[in-house]
Amino acid sequence: MRIAMAAFTHEANSFCPVAATQESFEARAYGVGDELYALTVGTRTEPAGALDVFRAERDVSVIPLLMARAGSSAPITSETYTAIRDELLARLRASLPLDGVLLVLHGAMMAEETDDATGDVLDAVRTIVGEDTPILGTLDLHANVTQRMAEAATVLVGYHTAPHVDMYEAGETAAKLLLATLRGNIRPTPALVRLPLIVPAENARHTDGPLSKVINRVLHWEREGSILHGGVFAVQPWLDAPDVGCSVYVVTDDDPHTATSCASELATMFWERRGAFVPELYPPAKALQRALADPPRRIILCDSADATSSGSTGDGTAILKAVLDAGATNVPILLNIVDTQAAHAAAAAGIGSSIRIALGGKLAPQYAEPVVVNAYVKSLSDGIFRFHGPGMRGVQHRMGPTAVLTIGQTNIVVMSQGVTQWDPQLYRSQGLDPAYARITQVKSPAAFRAGYDGLYDEIVIVDAPGAASPNLTALPWDRLGRPIYPLDPDIEFDLAAHTWRTR
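Here the structure is a predicted model, which means the values were calculated and not measured.

Even after reading the chapter, I still don't get the overall build of the protein, so can you show me in this structure?
Check the secondary structure of the protein and you find 14 helices and 22 strands. Here the C-alpha atoms of the protein give a radius of gyration of 22 Å, agreeing with the 23 Å that 2.2 N^0.38 yields for 503 residues. Across the 503 residues in the protein, those meeting the buried criterion constitute 63%. Counting only contacts in the protein whose residues sit at least 6 apart along the sequence, the fraction spanning at least 24 positions is 75%. Looking at the protein as shown, the accessible area adds up to about 18,400 Å², and 48% of this sits on carbon and sulfur atoms. The averaged location of the 57 negative side-chain charges in the protein is 5 Å from the averaged location of its 40 positive side-chain charges.

Hey, could you run me through the packing of aromatic side chains in this one?
The geometry of an aromatic ring pair comes down to the distance between the two centres and the angle between the two planes. Applying the stated rule across the entire model yields eight aromatic pairs. Judged by centre distance (5.9 Å) and plane angle (20°), the ring pair of phenylalanine 8 and tyrosine 81 falls under stacked. Here tyrosine 81 lies in helix α4 (residues 78-95) and phenylalanine 8 lies in strand β1 (residues 2-9), a separation of 73 residues in the sequence. For phenylalanine 8, a relative accessible area of 1% puts it in the buried group. Judged by centre distance (6.2 Å) and plane angle (75°), the ring pair of phenylalanine 448 and tyrosine 452 falls under edge-to-face. Just as phenylalanine 448 is buried, tyrosine 452 falls in that class too.

Where do I start with the pattern of salt bridges in this structure?
Side-chain pairs of opposite charge can arise where the charged atoms are in close proximity. This model, assessed by the stated rule, comprises 23 salt bridges. The shortest N-O distance in the salt bridge between glutamate 458 and arginine 297 comes to 2.4 Å. With glutamate 458 in strand β21 (residues 458-461) and arginine 297 in the loop between α10 (284-292) and β12 (299-302), this pair connects stretches of sequence that are 161 residues apart. The structure contains a network of salt bridges with shared partners spanning Arg85, Asp86, Asp120, Asp123 and Arg148.

Help me understand helix α12 (residues 340-349) in this model?
Structurally, the α-helix is built with 3.6 residues per turn, so residues lying three or four positions apart point the same way. Along α12, the residues classified as buried are Ala342, Ala343 and Ala346. End-on, the buried residues of α12 take up no more than an arc of 100°, which puts them together on one face. Residues of α12 that are exposed and angled more than 90 degrees away from the buried face: Gln341 and Ala348. Capping the start of α12 is the job of one residue whose side-chain oxygen sits 3.2 Å from the backbone nitrogen of glutamine 341: aspartate 339. Glycine 350 sits one or two residues past α12 and shows a positive phi near 95°.

Explanation requested: the environment of threonine 207 in the structure shown.
With respect to the helices and strands, threonine 207 occurs in the loop between β9 (188-194) and α8 (210-224). Separated by 46 residues in the primary sequence, threonine 207 and threonine 161 have C-alpha atoms spaced 7.9 Å apart. Threonine 207 has contacts with Ala162 and Ser212, leaving out every residue within four places of it along the chain. A polar side-chain atom of threonine 207 sits 2.7 Å from a polar atom in the side chain of aspartate 208.

I'm lost on the pairing of strand β19 (residues 410-415) in this one. Help?
The two faces of the sheet receive side chains in turn, since in a regular strand these alternate between them. Most of β19 is tucked away: six of the six residues are buried. Once strand β18 (residues 402-407) ends, the chain turns through two residues before running back antiparallel as β19, passing glycine 408 with a positive phi of about 65°.

Just checking my understanding: could you explain the packing of helix α3 (residues 46-55) against helix α7 (residues 167-182) for this structure?
As a packed pair, α3 and α7 sit with axes 6 Å apart at the nearest point and diverge in direction by 40°. Taken together, the axis directions place α3 and α7 in an arrangement best described as oblique. The two elements α3 and α7 cross, and the hand of that crossing is right-handed. In this structure, α3 contributes Glu46, Ala48, Gly49, Ala50, Asp52, Val53 and Phe54 to the contact, and α7 contributes Met167, Tyr168, Gly171, Glu172, Ala175, Lys176, Leu178 and Leu179. Taken together, the residues that form the contact of α3 with α7 break down as nine nonpolar, two polar and four charged.

Hey, could you run me through the nonpolar core in this one?
With 145 residues, the main nonpolar core has Phe54, Val125 and Phe270 as its most contacted residues. The residues touching valine 125, leaving out its near neighbours within four places in the chain, are Leu88, Leu89, Leu92, Val101, Leu103 and Ile135. Of all hydrophobic cores here, the second largest spans 34 residues; its members include Val331, Val377, Ile412 and Val462.

Cut-offs applied
Residues numbered from 1 in each chain as written. Predicted model: local features only at pLDDT ≥ 70, side-chain atom pairs only at ≥ 80, totals over all residues. Heavy atoms only, no water. Helix = DSSP H or I, 4+ residues; strand = E, 2+ residues; numbered from the N terminus. Rg over C-alpha atoms; globule rule 2.2 N^0.38 Å. Buried < 20%, exposed > 50% of the residue type's maximum accessible area, 1.4 Å probe, protein only. Contact = heavy atoms within 4.5 Å. Areas by Shrake-Rupley, 256 points an atom, 1.4 Å probe, with all protein chains shown as cover. Lys, Arg positive; Asp, Glu negative; His and termini not counted. Charge placed at Lys NZ, Arg CZ, Asp CG, Glu CD. Phe/Tyr/Trp six-rings, centres within 6.5 Å; stacked < 30°, edge-to-face > 60°. Salt bridge = Lys/Arg side-chain N within 4 Å of Asp/Glu carboxyl O. Arc of directions from axis to C-beta. Polar contact = N/O pair within 3.5 Å; in protein donor to acceptor, adjacent residues only side chain to side chain. Pairing = 2+ DSSP bridges. Axes fitted to C-alpha atoms, helices over the stretch in contact; angles between N-to-C directions. Parallel < 35°, antiparallel > 145°, perpendicular 65-115°, else oblique. Left-handed = near helix turned anticlockwise from the far one by under 90°. Nonpolar A, V, L, I, M, F, W, Y, C, P; charged D, E, K, R; others polar. Core = buried A, V, L, I, M, F, W, Y, C linked by side-chain atoms within 4.5 Å.

Below you can see the structure in the form of structure tokens.
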């Protein structure tokens, strides 16, 4: 069996001022043909899981097309999106005939002129391979699953976890379902229900809270064999586009009634819990005050509004300013910020130098102002490290030229480009250990909880400015489809009107 495989992932944030370009993909992971294998080796990711399944089968030949993965940002520039999509499609055409296709996707990808970029890719692939060739796609739990995506794909396989610790397993599941489909062992029959709902990511976790109840129902059905797969998608909420919302997606083996009824039950559970997703937030000064209160504890200040993994710029200064205003630099504190100019200025000054420098507030001035500090240049590095924790284990991240600046006992990692902050290796790679810090700033809404497990006594979610603010009702929405909760709190949900199933 000839199976083509590609990865094309990006998560958009409409409130971020910095678009994704070709350089954004090359900074994370970009390669064509056999380069896909090299980019996958040693990682716990979807491509790794799928490839391990395929390699165990003697009758399977994988044709690697392309891997293009970028961090979250504003929508991809039209030029970059078109170039990568067309490269993928050209390689797909050259690989024909094919028995199947496996695509590693995110599901919340947008381009400047293409709101549903994932649906666009799936549609184009479907046009090339024809109606009878199975197409399996993997999706992030924060995918915006559209009807267009559901109609173009044979099966969509989503993560079951947030923090995302089952990326590898999602790849395995997709590969196994694709092989079972090709061998005639199953006839996938999906149903999709989309909800007029967006939720903050902080409380949308599989471990506890409102989303866990819905995900656990899916896992129960999967274990007992009632369904082949179920996906619960707490959509990336910062997509300012008409067709956006949380969703549930259920696949059965040739049983449309069960697919529809299970999807309806999940959607009802999700909708009934909509009010429980709102997190408790603390303004920066109050958050710091709580973190410094006796008795001393290890506190993570969750600066989710500035999370680069959610599409923010990472150069917010609210927590840094609060530390300085409180005169708290005599406390062991770990902070981080994206500032290319400052990182290069520190490198020019050299290790051991004392410098006066303006930090942050350069990429998104609508959210932050630069903060001037007098600091000591403690270390310099190339900023390259790999995740060691359960989420994206083995994946390399590149902060670019990076400096550690110190002010008293406060250490600030100043990086040239933002990276995902799920893993304490961001700090450890710079000689800093959160295990010994009183306060650690992490720019991630929830996914960091797995990697930082055991390194904190309390998490305080900070109500700071940023493109990924959990204060969804306060954002400057322009194109979002209405009515939608929580912007329209009195909306009623018509289950039948929001249901799609295989016809």
